[in-house]
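Below, each chain spelled out in residue letters.
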Number of protein chains: 2
Amino acid sequence: MGIVVLKFGGTSVGDVAKIKATAEQAIREKAQGNQVVVVVSAMGKSTDDLVALATVINPQASTREMDMLLTTGEQVTISLLTMALQAAGQKAVSYTGWQAGIITEAVHSNARIQTIETTKIATALADNQIVIVAGFQGMSENGEITTLGRGGSDTTAVALAAALGAAKCSICTDVVGVFTSDPRYITGAQKLREIDYDEMLELANLGAGVLHPRAVEYAKNHQIPLEVRGAHVTETGTIIKEGTLLETKQVVRGVAFDDEIARIRVSFTSITAMNIACIFTKLAEAHIDVDIIVQSIGEDDGPSAVSFSLKEAALDEAVAILAAYKDVIGYDSLVTEAGLAKVSIVGSGMVSNPGVAAQMFTELRQADVDIRMISTSEIKVSVVVPQAKMLVAANVCHTAFEL
Amino acid sequence: MGIVVLKFGGTSVGDVAKIKATAEQAIREKAQGNQVVVVVSAMGKSTDDLVALATVINPQASTREMDMLLTTGEQVTISLLTMALQAAGQKAVSYTGWQAGIITEAVHSNARIQTIETTKIATALADNQIVIVAGFQGMSENGEITTLGRGGSDTTAVALAAALGAAKCSICTDVVGVFTSDPRYITGAQKLREIDYDEMLELANLGAGVLHPRAVEYAKNHQIPLEVRGAHVTETGTIIKEGTLLETKQVVRGVAFDDEIARIRVSFTSITAMNIACIFTKLAEAHIDVDIIVQSIGEDDGPSAVSFSLKEAALDEAVAILAAYKDVIGYDSLVTEAGLAKVSIVGSGMVSNPGVAAQMFTELRQADVDIRMISTSEIKVSVVVPQAKMLVAANVCHTAFEL
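Residues numbered from 1 in each chain as written. Chains lettered and ligands numbered in written order. Predicted model: local features only at pLDDT ≥ 70, side-chain atom pairs only at ≥ 80, totals over all residues. Heavy atoms only, no water.

A. Molecular detail of the domain arrangement of chain A. Residue and element names in this part refer to chain A. Partitioning chain A into domains gives domain 1 (2-244) and domain 2 (255-400). Taken together, the contact pairs 15 residues of domain 1 with 17 residues of domain 2. Across the interface of domain 1 and domain 2, roughly 1,300 Å² is buried in total on both sides, 61% from carbon and sulfur atoms. Inspection of the domain 1/domain 2 interface yields one salt bridge. (Domains from an automatic or database assignment. Contact = heavy atoms within 4.5 Å. Buried area = accessible area lost by both parts, 1.4 Å probe. Salt bridge = Lys/Arg side-chain N within 4 Å of Asp/Glu carboxyl O.)

B. Representation of the packing of aromatic side chains in the model. Residue and element names in this part refer to chain A. Under the defined criterion, the tally for this structure stands at seven aromatic pairs over all chains. The ring of Tyr325 carries the charged tip of Lys282 above its face, separated from the ring centre by 4.4 Å. Over the ring of Tyr331 we find Lys326, and its NZ or CZ is 5.3 Å from the ring centre. (Phe/Tyr/Trp six-rings, centres within 6.5 Å; stacked < 30°, edge-to-face > 60°. Lys NZ or Arg CZ within 6 Å of the ring centre and 35° of its normal.)

C. Highlighting the UniProt feature "domain: Aspartokinase ACT" (unreviewed entry) in chain A. When the UniProt feature table is mapped onto this chain, "domain: Aspartokinase ACT" (unreviewed entry) is found at residues 343-401 of chain A. Overall, residues 343-401 of chain A shows 37% helix and 27% strand. The separation of its end C-alpha atoms is 14 Å. (UniProt positions renumbered as here; feature names shortened; annotations may be inferred. Helix = DSSP H or I, 4+ residues; strand = E, 2+ residues; numbered from the N terminus.)

D. Quick peek at the nonpolar core. With 76 residues, the main nonpolar core has A:Val38, A:Leu80, B:Val38 and B:Leu80 as its most contacted residues. Counting 44 residues, the second-largest nonpolar core is a separate cluster that includes A:Val37, A:Ile113, A:Ile116 and A:Val133. (Core = buried A, V, L, I, M, F, W, Y, C linked by side-chain atoms within 4.5 Å. Buried < 20%, exposed > 50% of the residue type's maximum accessible area, 1.4 Å probe, protein only.)

E. Geometry of the pattern of salt bridges. By the definition in use, this model includes 36 salt bridges over all chains. Where B:Asp258 meets B:Lys311, a salt bridge forms, and the shortest distance between an N and an O atom there is 3.5 Å. One end of the pair, B:Asp258, is in strand S13 (residues 254-268); the other, B:Lys311, is in strand S15 (residues 304-311), and 53 residues separate them in sequence. Among the salt bridges present, the one from B:Glu337 reaches B:Arg263, with a minimum N-O distance of 3.1 Å. Linking B:Glu337 in strand S16 (residues 333-346) with B:Arg263 in strand S13, this pair joins segments that are 74 residues apart in sequence. Each of A:Arg263, A:Glu337, A:Asp370 and A:Arg372 takes part in one network of salt bridges that share partners.

F. Fine view of the sheet that holds strand S3 (residues 92-95) of chain B. All names here are of chain B. Strand order across the open sheet formed by eight strands is S3-S6-S2-S1-S9-S11-S12-S10, with mixed pairing between neighbours. Strands at the two margins of the open sheet, each flanked by one partner only, are S3 and strand S10 (194-196). Here the average twist between neighbouring strands, direction ignored, is 20 degrees. As judged from the five bridges shared by strand S1 (residues 2-8) and strand S9 (residues 168-173), these two strands associate in the parallel manner. The partner of Val4 across the bridge, within S9, is Lys168. (Pairing = 2+ DSSP bridges. Axes fitted to C-alpha atoms, helices over the stretch in contact; angles between N-to-C directions.)

G. Fine view of the side chain of A:Glu199. Residues and elements named next belong to chain A. Checked against the element boundaries, Glu199 lands in helix H6 (residues 197-208). On the basis of relative accessible area, Glu199 is assigned to the buried category, the value being 1%. Here Ser348 takes part through its backbone nitrogen, which lies 2.8 Å from a polar atom of the side chain of Glu199. (Polar contact = N/O pair within 3.5 Å; in protein donor to acceptor, adjacent residues only side chain to side chain.)

Here's what the structure looks like:
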């Protein structure tokens, strides 16, 4: 009972049949005595089509006009979904971001939500309506249409849930929940009943791809229970909330992996923080994301070096930038390695179990997996390994930690 | 010099090339020292596509949700046109109907504009920007998205011109102006340099199809000079304004014609206003438009009758309705005739030239054209004739009145 916010992504509302199925799920949720708010994205590939059209007209289109263009996508979905609900005899009303009272920063393409004025939605809910809200979009205080950037619709859903004091926010997607690892590749990967916000954040950042980290952070900050569930199935999903560790004894909750990783090792005769800062400033200026960074003392009294990992697709550009600024950075040489992958274990229980990393390395060595880089946080251990060994490594970890 | 409002319909912004051409025309207008506002419709057939999608989901979709859906069409066009202007180095900004301050009645699908709050547009114009506004749409005072119905974008353009005190409102379309008759069929049809609001209203209502009558009325009420011109040509169009009669000596300014007309003659033994009211109330309830109505005394002391014309496509339904209400209406019999057409001459000068109608009838008789019905107003004479004779009749009139 209470207010429930459901969010459906573009794939889940990608055609007429799916829009009707979404309407049915919203009606089922309402039949359980809940007040229902549904947040939707643009249909299927419609955003991509609009972007393609804009690119032909102006490859450097302003972010303001891109926001103006792209927000039509969700507006189409909200009206069609509302029509589907009304066709099924359910009272319903659609609101764009600005109508729903979603006030953002005065920034285009990547605005943050500042406040939500919920009077309109609350009135409609009290009138027994299902309220359909356009995800991803809002309005600045001076009446400009803005968008929230990547993961925007998830964020809209969580922010609405927080503003409305919702009992739950369900992210309805093309997977039925959060798994201990990717069930397509890992034998025995299982759906989790519950998971901690922080664990989910690490998994989300590690390419598990189910939920955008920003939405998880927002939910954590406002302590809104999030559910990840299948879009058009009745099966319960995975609940993401605070302190699930208390209920479980497992140290490791999930194994994530990500392929097409490359590594660059930059060697110096003598190295200072200035040299290192220069490398990552130049790469950041080119919008190249760097993941793991390791500073190493050279073997056998050789030169010092800094190594970092990045997506393979960005390798050539990164090398070109480093070459262009060789004198500024002041390095001697660099070597690159492509064909790598990252495997990570995540679990809040690691904080109080220092032997976890050691156990992971031992298991990987026994499975003959070379480790090229290591990165750890309080609730995560990541290793970079040859891509050919990625699934072996992930399966080994999944089995070793009894997931 | 001053503010100029340009309006481009769906065909004129139907693809990327046409959007770029529209941007060029706006820039040319600005280069002449004007401040430029451009009103646009949805691209090409995009509105039809959205309607088709809605129909699949809910054939009785609410007008509120249809407005929500359809207004995305113009929003796509305004952003793309603004991107095209910016790509050409011109400062520009797009506004939806609600952003442009277009406040309408709280009615969906056919709202009238109540006020326009022009501060935002005026500020942008003063900042040397070309302002692009979504036609056809507005917002009610309680924040609902509304549409203006048929001819909506023309009305938006004229209303903005009035609110901004514009020097001119140019409707840029796929014809280069208003002609004395349709140049595809009438030898010697010529583009008019100027025409009166009232003359244009009669022509617009008579199927000349260039401008929606509602926009002409709005322009007349606010005394905004309207120009009808080609969308992507530099050629001057036709100016529609008050009192052009003073400058011209011509009694008849245009010949309009409309095919696929049918006629129904309903006969009574005795006829009262009540009988007649009943006929047209029942037809109006079924949304059947009736055009010319003639009440005639029967020939040779035969029964009295009322005759009226309507579109041929509505004939069967009209007959079915009249049959269903035969006793209520109290008529004896009815006869129908399809395969007719309407030919009209229009001109403000007729008011002071009573012989015009007589001349028209004489010319038609000499050309062996049967006249089935006649309707006159102060500035128009319409006759219903066999469709096979429509173009003959129109050409005869066009020649006779020296157009």
